[in-house]
Amino acid sequence: MPARILDGVAIARHIYASLVPRIAALKLRGVHPGLAALQIGDNAASRIYVRNKVRACTEVGIYSEAHHLDADCSEAAVLKTLEKLNRNPQLHGVIVQLPLPPGLNAQRLLQTVDMDKDVDGFNWANLGALVDARKGLVPCTPLGVMAILDDAGIAIEGRHAVVIGRSPSVGKSIALLLINRGATVTVCHSKTRDLVNHAARADILIAAAGRAGLVTVDMVKPGAAVIDVGINRLADGKLAGDVAFAAASEQAGWITPVPGGVGPMTVAMLIANTVTAAERIADAPKLPAAV
Ligand code: GUN
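First, a word on scope: everything that follows refers to the structure included in this document. Remember, it's a predicted structure, so these values are computed and weren't measured experimentally.

As summarised here, the arrangement of the three strands in space is β3-β2-β4, forming an open sheet in which the pairing is parallel. A single partner strand is all that each edge strand has here, and the edge strands are β3 (63–69) and β4 (93–96). Direction aside, neighbouring strands of the sheet carry axes that sit 15° apart on average. The strands touched by helix α10 (residues 262–283) are β2 (34–40) and β4; relative to β2, the strand with the most contacts, the crossing angle is about 130°.

Looking now at the pairing of strand β5 (residues 160–164). With respect to burial, β5 is a largely interior element, five of its five residues being buried. Along β5, one buried face is formed by His160, Val162 and Ile164 and the opposite face, lined by Ala161 and Val163, is buried too. One ladder, built from five bridges, connects β5 with strand β6 (residues 184–188); its direction is parallel. Each residue of the ladder has a partner; that of Ile164, found in β6, is Cys188. Inspection of the sheet shows β5 paired to strand β7 (residues 204–207) by four bridges, in the parallel sense. The residue bridging Ile164 from the neighbouring strand is Ala207, located in β7.

Attention now goes to the site of the ligand. Neighbouring residues of the ligand: Lys53, Val96, Gln97, Leu98, Asp120 and Phe122. Here Leu98 contributes a backbone N or O atom positioned 2.9 Å from a nitrogen atom of the ligand. Between the ligand and Asp120 there is a distance of 2.6 Å, counted from a nitrogen atom to a side-chain nitrogen or oxygen. Taking 280 Å² as the accessible area of the ligand by itself, protein coverage stands at 74%.

This part covers the packing of helix α1 (residues 8–28) against helix α6 (residues 140–151). Across the interface, α1 lies against α6 with an axial gap of 11 Å and an inter-helix angle of 100°. Relative to α6, the element α1 lies roughly perpendicular. Residues Ile11, His14 and Ile15 of α1 lie in contact with α6, whose contacting residues are Ala147, Ile148 and Asp151. When grouped by side-chain class, the residues that make up the contact of α1 with α6 number four nonpolar, one polar and one charged.

Criteria and cut-off values
- Residues numbered from 1 in each chain as written.
- Predicted model: local features only at pLDDT ≥ 70, side-chain atom pairs only at ≥ 80, totals over all residues.
- Heavy atoms only, no water.
- Pairing = 2+ DSSP bridges.
- Helix = DSSP H or I, 4+ residues; strand = E, 2+ residues; numbered from the N terminus.
- Axes fitted to C-alpha atoms, helices over the stretch in contact; angles between N-to-C directions.
- Contact = heavy atoms within 4.5 Å.
- Buried < 20%, exposed > 50% of the residue type's maximum accessible area, 1.4 Å probe, protein only.
- Near = heavy atom within 4 Å.
- Polar contact = N/O pair within 3.5 Å; in protein donor to acceptor, adjacent residues only side chain to side chain.
- Areas by Shrake-Rupley, 256 points an atom, 1.4 Å probe, with all protein chains shown as cover.
- Parallel < 35°, antiparallel > 145°, perpendicular 65-115°, else oblique.
- Nonpolar A, V, L, I, M, F, W, Y, C, P; charged D, E, K, R; others polar.

In structure tokens:
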């Protein structure tokens, strides 16, 4: 029986609908959630991503600002901009759109984003909270993967999950979320021997390697949930995931398409994180004014 297709666009719509009453409740308290996106340089894909994020904010009634700096700007100029955004009380989320132009130290810049406004979850304080299963802001794509599994009612506790990819903000973070929910997790990567055998034992298979067609049908256990995080641009201009979708969807129990699977969820979870950040900032005890 062919797999059930997990529709990220529809699940993202449910996420946005669930945010509407939370945003309304914040506004009743005089808090209007706000997100700033900083793009440095002119990467065409980044421009589209930032535009999509701003549009998503507008659609749910969140304030947004898109900031831009030239590719040849100094690191000091970026730091100054980030510090200004950190201090702006109208903003509850601040993101630096990646990739950065060469010459800028991504880690130094990402660590400058206030951890309470770090709605990308890239700050080490937030990644550390994830390691320790504590309250923090979790990277958006991993949150989107979990929301897809939960929406479909796919059991996680006690299941064997295999994650292909080990980047801190995607593969490793997905592995941590799955461990925190009681899965037994195998993380595979470019140095893994016998990837096929590992993958073929997964109840939940997460492909986040960034290689089109890496996951072939022999790597899919019959009935498995297959979540494709890859977004690869093919020579003909079309988008493809890491999974050979046509064959894999005959073998899997559930599968996400590309486009229309994890991608729309990443933006939805960014907006959800912004609302969460606004709620936490609004709930935080206020320091008495200095005398
Ligand atoms: N570039 C590609 N994906 C992302 C993302 O999730 N956040 C940011 N800030 N930049 C990206």
